[in-house]
Each structure stands twice: as C-alpha cells, then as structure tokens.
Amino acid sequence: MEKFLDIRDLNVEFKSDRGTVKAVNHVSFHINKGETIGLVGETGAGKTTTALSIMKLVPGPHGKIKSGEVLFEGEDLLKKSEKDMRKIRGGKISMIFQDPMTSLNPVVTVGDQIAEVIKLHNEKKSRQEMKEKAKQMLELVGIPASRYGDYPHQFSGGMKQRVVIAIALACNPELLIADEPTTALDVTIQAQVLELMAKLKKELNTSMILITHDLGVVAGECDHVAIMYAGEIVEYGSLKDIYKETKHPYTIGLFRSIPNVDKKDTRLIPIPGLMPDPANLPKGCYFAPRCQNKLPECDTCHPETLEVSPGHFVKCLRVQKEVESHG
Amino acid sequence: MAEILRVEHLKKYFKTPAGLLHAVDDVSFSIEKGKTLGVVGESGCGKSTLGRTILHLLDSTDGKIYFEGQDITNVTKSQLKELRRNMQIIFQDPFSSLNPRMCVSEIIQEPLEIYKAYSDKKEMLRRVAELMNTVGLAPSLAGSYPHELDGGRRQRIGVARALAMNPKFIVCDEPVSALDVSIQAQILNLMQDLQEELGLTYVFITHNLSVVKHISDDILVMYLGKVVEYSSGEALFEHQYHPYTKALLAAIAIPDIDRQNERILLKGEISSPVNPRPGCRFAPRCEYCTAICRKKAPVMEEIVPGHFVACHHVRKINGMSEEK
C-alpha cells in the first residue's frame, strides 16, 4: 500500500508571554489509503494542533510550524501557497470539528452551508445542481432533504453533527480529519454517528485521522493508533500492538484509569500528577515526573523512538533497555 | 441500614411558551445511608433537574421528599438553611461553578462564614487547611485563584466546599465529565475515600456508563423525565430488561479490541419533553412498540426481586412467561 499522507518530524510552536510553548514535537506518522488512524491523548497533548498543521491552519501570528514535512500524495503541503491550500481544504482534505454547536453558521440555512462547499470546489455547477447535490448529502447522512431550508438552531446536537459531516464529505475528500466528532454527543447518538462515519468511509474509500481521548471509540473504529503526550507520539502501532502489547507506561496508565464495565474493580489506578507545562518541558523524558516505573536516567535523557516489533514504535528508556538486554 | 433519603412520585414541570415541560415526571426511589445511587441518562432526560429538585434548588411541582424520615417537601427559608448543612452539591463544570474573584481559601471558607461555624478566625482557617488537605490540595494553593488551576484541582475545590459543613448527603452532578481520564480517576478515588471515611451518601448523576457502574450501588436509568429501570448496579449490568437500557449499554465504547459490543442502533432522537404524548415516552424509538405503548404509560413493575422496569412488553422482550 502507498503512503498516502506522510508526516515527517513535525514541530509546532506557539509564542506566549510565558515563553515558547512547544505544542507538537518531532511528530511523524503516515496513513495508507482507506485506513483510519486514531490520535489519542488528553487535553493539551497536541492532537488538534497536529491536525491543524496538516491543513496549514495553525492560528498565527503566535503559532508557527517550525519544521517538518506534510507529504500528501507526494507533495509537501507546508510549501504550498495559501491559494492552493484553499483548494485542498474542503476538497481533498476536510475536517470535522469537535463542537457541532459552534462550527455551523447560525444565520445560514444548513442546505446553503453544504452547497457553499460544493460551489467553492466546483465552479462549473449550476445553482440547481449544487442544491440537488446538497440535498443528496443531507439524505446521505440521514436528514430528510425537506429540511434544506432550516437553520442550525432547529436541529439537535446529533443532527448538527450530521450536517457537519455532510459538509465535510460533500466534495468526496480523500482524507477526513475528525477532531473529537462524537465527544459532545450522547452515547446512543454517538453510536449512530460512528456507524454513519464508518459506512460512508467504506463507501467512499476515504482515509481518516480520528482525534479522540476515548480509547473505547478507537477500539471500534481505527486500524492504527498513535498515543500522544506533551506534544510527542509516545507509542504508535496497530490496534493489536496498542491494546494487547501495550508498552509505554503512559499508555498503560491510560488503560488503568478507565473504569472497566466488565468487572467490579473497587479502585481505579490513576496516573499521579499532571501533564507538564508545555512552555517548560522537563529535560529528560516528558512523562518521567509522573512515571512510576522510571529509571534514574529518565530525568536527564530524552528517549528516542524505538521500533520494538515491526510497525510498533515506543519512546521509553526502560522499554529500550529491556529490548537491548533480550538481544 | 437506615434510609437517609426517600423520594415519592416527584414531579418537576417547567412552564414554557410552548407548554408544560415535563423535566421530572413521577420519580420514586430511596437511598440508604452510606450508599451511592447512580442516575444515568442522556442530555435532557431530567437527571440534573432531579438532583436540584431534591436539594430545593428548584421547587418541586408535586410529590414528596423525605430526608432522614422528615418530610422536607415544603420547608421555610430558615429550615432550608439548616437542611443545607446536611445536603450539598458538587457541580459539573469546575470552570463556572467557582467565583473567579475569590481565592481558594475564600471559596472553601464561605460556607463556614455563612453558617457562622467558628467565632475564632484562626480556628476557621485551620478548618480550611484541614479541608484542603482532605481533598489533596497543597497548602501553597490557598491564595491561588481558580483560573490559575487546572480542571482536576478546581474540582477538588468544589469537593472541599461541599464538605465544609460536614454534610451527610451530596448530589454529585457530573463531577468528572469535564476532566481527562487520568484526572477523572484521581477524583473518583478521592470521592470513594471520602465516602468511606465520612460515611457520605451520594446521588451520582452522570451520562458516563462505565463511571456509574464503577461508583454506584444502585442505578436509576432515566428517559425523558421518567425512570425506565431501577435496580442494583450489578444486576443492571448483568441483565437489562428495558429496551432503552439495552441500547444504552450496547452503545458503550469498550476499550478492548476482543470485546466489541453488537451495537443496537436506536431510531431517531430523544423527543421533546414539552407536552409529551400519552403512552410510553420511549415508544417512538422502540422497536417493540405496539398500540398499547402509544396509549398507556407503563408503570414500574418489580420484574425480579429488587429490579424495577417500566415497560408493557418487558416479559415478551426478555422471553419470560406472562404473569399477572
């Protein structure tokens, strides 16, 4: 399979009063055609910033992509002009934002909002054709076409998110970036939306980056998983690597923090402490201050990424040592 | 064990321009001292309104509330103030439930001042320090303002404030929903420890089913203001009788690749609680719905000992013999 999107050594910084905030540090991963990769991490881990960098949407003037490459179909998106990027956004690559309540324009009907994307990317189409296509998109996401002229406030949260999905898919994108698409929704509606996304993805053979903090959603939807912590990918691998051969102490800690619905565990095992201040990252491993299994050198030496088995990457000195001692 | 709170046929309707909004409609339950009742349901099902009505933050429309055997449905303002010593609340959003212009110690101190609990200022500050220690806030944070702290720490302030007057009963309204999982686990553990140490009774309101399973002794499942299923937590996760509960539990995304749920997709969405149609509230989305479901509201029935379900077809759906 070809590497469809290839991100190499991406670094993003924000300037603030407190100094330089390193939001994304040396992030590299790739996606093959038709695959879904899950980007998992807690608030402030750099998931959304990574996604925004792909679209070249990192908010300026404080935010800046310092270095790295985002190769999309062999071309570096970071070198493209703003004019070219506007063609790509919403066309070949589109994005679903977390909050359906605020990502729609409240004074434009939902139908016109879908038609707008189609208009921007297909100049030749007549008004009537655009309207027809927008209606088809509404039907596709399970909203009757008769609601074309309704405004966002007339829809429930789940339906608004469907409209956002319709907008994102209107131009048959090759890559869909979904930033916490179901976090604001109730569980039964979440199930509906996830099912819909999986179905459409299969029909259109779209690749997807799914950003979430919910390891349960990832287990159901993704092929590969990248666990992010303090702007870094600390563990990357297939679903099986991450869920069965969990290596990084942070990933292990995440799994232990989730209450298990299958058995009655009396106490959870939380990760002590807090995520480090991104303006003042520790010298050694970023996770070391919270790690209960650290080595003395973890406080001073920043770990390199190591491939522990084919396709399974971990950033941890202890894991590195264990692998070395086993030959 | 002694019963601490009993709610009978509690109703809370709101007047809206479109008609009466049935937020809580005929809810009954009781909690024993030291136990946790989990209330689950999706947004708009009335779970927060239920919690607030119990605490008299909202006036009930109908029904009775008993606290430690005493009818507290209609109390005067001064009686209410006394009641609030024993009944407290922890709010969902640690970002908007704390006064941004008060520092940590002032926030925790406020209830002590309101109740004039200490005549000696030094003693009061000692109590504040003790509370901060109880919830795991470093003494150095006493002068910090809420905006300087992260969500987990802010929620700890909310817990300390609720504990200030040594209450017996706390309504926890989605206390961990705004937090990251690793922090969520810290707060859940804290709340469990406090319950054991201080013998607290909780009503724990949440939409997160794994959390509710983890913390609750009994669980109340709500749908559009009505209770659809009520039983012990273990029994509920063992077997669900109501079609809504079945779908709700099947929708949990489990972080295990070998154990993926067969999703039960519900048709449509939650309908409006304004002037609800007669019959079962869940009928428009229910695959087992028949004529009777649209006409007559089902009553709560003890289907197996200790397990209450409100559904006309519960026996048929679960392959049990019809009995009356």
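Just so you know, these numbers come straight off a predicted model, no measurement behind them.

Glancing now at the interface of chain A and chain B. The partner chain B presents 41 residues to the 45 residues of chain A that form the contact. Both sides together, the interface formed by chain A and chain B hides about 3,700 Å², and carbon and sulfur atoms give 55% of it. For the pair chain A and chain B, the number of links is two salt bridges. Between Lys244 of chain A and Asp258 of chain B there is a salt bridge whose closest N-O contact spans 2.5 Å. Applying the counting rule to chain A against chain B returns twelve residue pairs in polar contact (both at pLDDT 80 or more).

With that out of the way, let us pick up the layout of surface pockets. All names here are of chain A. Within this model, the second largest pocket holds a volume of roughly 860 Å³. Taken together, 24 residues make up the lining of the second largest pocket; nearest its centre are Arg89, Gly90, Val117, Leu120 and Ile167. When residues of the lining of the second largest pocket are traced back to their parent elements, those giving at least two are α2 (82-88), β6 (93-96), α3 (110-121) and α5 (157-169). The dominant element in the lining of the second largest pocket, judged by the number of residues it contributes, is α3, at five residues.

Applying the stated criterion across every chain, the model contains six cavities of 30 Å³ or more. Taken as a whole, the largest cavity holds about 80 Å³ of empty space. As for the largest cavity, its lining consists of 13 residues, of which Pro249, Cys285, Cys291, Cys298 and Cys316 of chain A are closest to the centre. Considering only residue class, the lining of the largest cavity consists of nine nonpolar, two polar and two charged. In terms of lining, the second largest cavity is formed by His242, Pro243, Cys280, Phe282, Ala283, Cys286, Tyr288, Cys293, Cys311, His312 and His313 of chain B. For the lining of the second largest cavity, the residue count by class is eight nonpolar, three polar and no charged.

This part takes up the sheet that holds strand β9 (residues 224-229) of chain A. Residue and element names in this part refer to chain A. Here we have eight strands laid out as an open sheet, ordered β6-β7-β8-β3-β9-β10-β12-β11, and mixed in their pairing. The open sheet is flanked by β6 and β11 (306-309), the only strands paired with a single partner. Direction aside, neighbouring strands of the sheet carry axes that sit 20° apart on average. Sheet topology places strand β3 (residues 36-40) next to strand β8 (residues 207-212); five bridges connect them, and they run parallel. Looking at β8, one finds that Ile37 is bridged to Ile209. Along the sheet, helix α1 (residues 47-54) contacts β3, β6, β7 (175-179), β8 and β9; its crossing angle with β8, the most-contacted strand, is approximately 150°.

Residue and element names in this part refer to chain B. Read across the open sheet, the eight strands follow the order β6-β7-β8-β3-β9-β10-β12-β11; overall the sheet is mixed. Two strands in the sheet have a free side with no partner beyond their single neighbour: β6 (87-90) and β11 (301-304). Here the average twist between neighbouring strands, direction ignored, is 20°. Judged from the five bridges that link them, strand β3 (residues 36-40) and strand β8 (residues 201-206) form a sheet pairing that is parallel.

Procedures and definitions
Residues numbered from 1 in each chain as written. Chains lettered and ligands numbered in written order. Predicted model: local features only at pLDDT ≥ 70, side-chain atom pairs only at ≥ 80, totals over all residues. Heavy atoms only, no water. Contact = heavy atoms within 4.5 Å. Buried area = accessible area lost by both parts, 1.4 Å probe. Salt bridge = Lys/Arg side-chain N within 4 Å of Asp/Glu carboxyl O. Polar contact = N/O pair within 3.5 Å; in protein donor to acceptor, adjacent residues only side chain to side chain. 1 Å grid on protein atoms, 1.4 Å probe; cavity = no way out; pocket = protein on both sides within 12 Å on 5 of 7 lines; lining within 4 Å. Points joined across faces, edges and corners; volume = space filled by probe spheres on them. Helix = DSSP H or I, 4+ residues; strand = E, 2+ residues; numbered from the N terminus. Nonpolar A, V, L, I, M, F, W, Y, C, P; charged D, E, K, R; others polar. Pairing = 2+ DSSP bridges. Axes fitted to C-alpha atoms, helices over the stretch in contact; angles between N-to-C directions.

Nothing here speaks to function; it is geometry throughout.
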